[in-house]
Amino acid sequence: MAFNLDEYEPVASRLDRFLKAHPDARVITDLVHYLSDVAVFKCELWLDGDIIATGWAEEIRGQGNVNKTSHLENCETGAVGRALANAGLSGSDFSKRPTREEMGKVVHRQQGDTNVTEYSNLASDKQQNMIRAVCKSMGKVPPANLQAMSKREASAYIDALKSGEQPAPQHDTPEEPF
């Protein structure tokens, strides 16, 4: 499936456009289900006392990089994006109804299907937790791309922290935005 991710509008852009056009609108989200790390959010868009659209989203904790730390936030944003699309705010091309975030998930899934070793080489939860704990004890902020680090990068980072050296700078790696 070939597509250009840049042709899809992010939720933040859609929401900004909606609220600028309708300053009195209300965006109401509700966590309607949370059990066994599965979250379901519903979003309602209200205008002049009426619901003009709803949107639903489901996310599973740990499924994808963002959902390792922010599955609830990601789920809520997804529901807002779906509601905005249902209200007709899907960018300049109506065929681009999914949000950029949703299409980003497609890219990650496709990459995961064709390059499983890349994902199995990611830093373990134990390594990530160690980096967070050591950084916290030293008053440092963990690297922004912690979840995208390879096992080797994480080990080198931990070794540098423990020896008191300044760890090599870690560069941000794109991941699913929420």
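Quick notes on the rules
Residues numbered from 1 in each chain as written. Predicted model: local features only at pLDDT ≥ 70, side-chain atom pairs only at ≥ 80, totals over all residues. Heavy atoms only, no water. Helix = DSSP H or I, 4+ residues; strand = E, 2+ residues; numbered from the N terminus. Buried < 20%, exposed > 50% of the residue type's maximum accessible area, 1.4 Å probe, protein only. Contact = heavy atoms within 4.5 Å. Areas by Shrake-Rupley, 256 points an atom, 1.4 Å probe, with all protein chains shown as cover. Polar contact = N/O pair within 3.5 Å; in protein donor to acceptor, adjacent residues only side chain to side chain. Patch = residues over 30% accessible without salt bridge, like charges linked within 9 Å, V, L, I, M, F, W, Y side chains within 5 Å. Salt bridge = Lys/Arg side-chain N within 4 Å of Asp/Glu carboxyl O. Axes fitted to C-alpha atoms, helices over the stretch in contact; angles between N-to-C directions. Parallel < 35°, antiparallel > 145°, perpendicular 65-115°, else oblique. Left-handed = near helix turned anticlockwise from the far one by under 90°. Nonpolar A, V, L, I, M, F, W, Y, C, P; charged D, E, K, R; others polar. Pairing = 2+ DSSP bridges. Phe/Tyr/Trp six-rings, centres within 6.5 Å; stacked < 30°, edge-to-face > 60°. Lys NZ or Arg CZ within 6 Å of the ring centre and 35° of its normal.

Caption draft 1: The overall build of the protein, seen in detail. Counting its regular elements, the protein contains six helices and three strands. Within the protein, buried positions represent 35% of all 178 residues. Residue pairs at least 24 apart in sequence account for 57% of intrachain contacts in the protein once pairs closer than 6 positions are excluded. For the protein, the exposed surface amounts to about 10500 Å²; the carbon and sulfur share of it is 52%.

Caption draft 2: Summary view of the environment of Y34. On the secondary structure map, Y34 appears in strand β1 (residues 26-35). Since its relative accessible area comes to 35%, Y34 is described here as partly exposed. When neighbours within four sequence positions are excluded, Y34 is seen to be in contact with A39, R61, H71 and L72. For Y34, the side chain forms a polar contact with the side chain of R61, separated by 2.7 Å. At 3.2 Å, the side chain of Y34 and the side chain of H71 are in polar contact.

Caption draft 3: Summary view of a nonpolar patch on the surface. A cluster of nonpolar side chains, L31, Y34 and L72, forms an exposed patch at the surface whose accessible area comes to about 230 Å². Examined against the element boundaries, L72 turns out to sit in helix α2 (residues 71-86).

Caption draft 4: The arrangement of the packing of helix α1 (residues 11-21) against α2 in detail. Interaxial distance between α1 and α2 falls to 9 Å at its minimum, and their mutual angle equals 55°. As far as their axial angle goes, α2 and α1 are oblique. Remark: the crossing between α1 and α2 carries left-handed chirality. Facing α1, whose interface residues are V11, R14, L15 and F18, α2 presents T77, V80, G81, L84 and A85. Residue composition of the contact of α1 with α2, grouped by class: six nonpolar, two polar and one charged.

Caption draft 5: Geometry of unusual backbone geometry. The residue S36 is not glycine, and still its phi comes out positive at about 50°. Mapped onto the elements of the fold, S36 is located in the loop between β1 and β2 (38-47). With a phi angle near 55°, D48 is a residue other than glycine that sits in the positive phi range. With respect to the element layout, D48 can be found in the loop between β2 and β3 (50-60). Assessed through its relative accessible area of 73%, D48 is described here as exposed.

Caption draft 6: The arrangement of the pairing of β3 in detail. Where β2 and β3 come together, 10 bridges link them in antiparallel fashion. In the strand pairing of β3, C43 is matched with G55. Counting the residues that bridge the hairpin from β2 to β3 gives two residues, and of these D48 lies at a positive phi of roughly 55°.

Caption draft 7: Region of interest: the packing of aromatic side chains. Applying the stated rule across the entire model yields zero aromatic pairs. R26 extends its terminal NZ or CZ atom over the ring of W46, reaching a point 5.4 Å from the ring centre.

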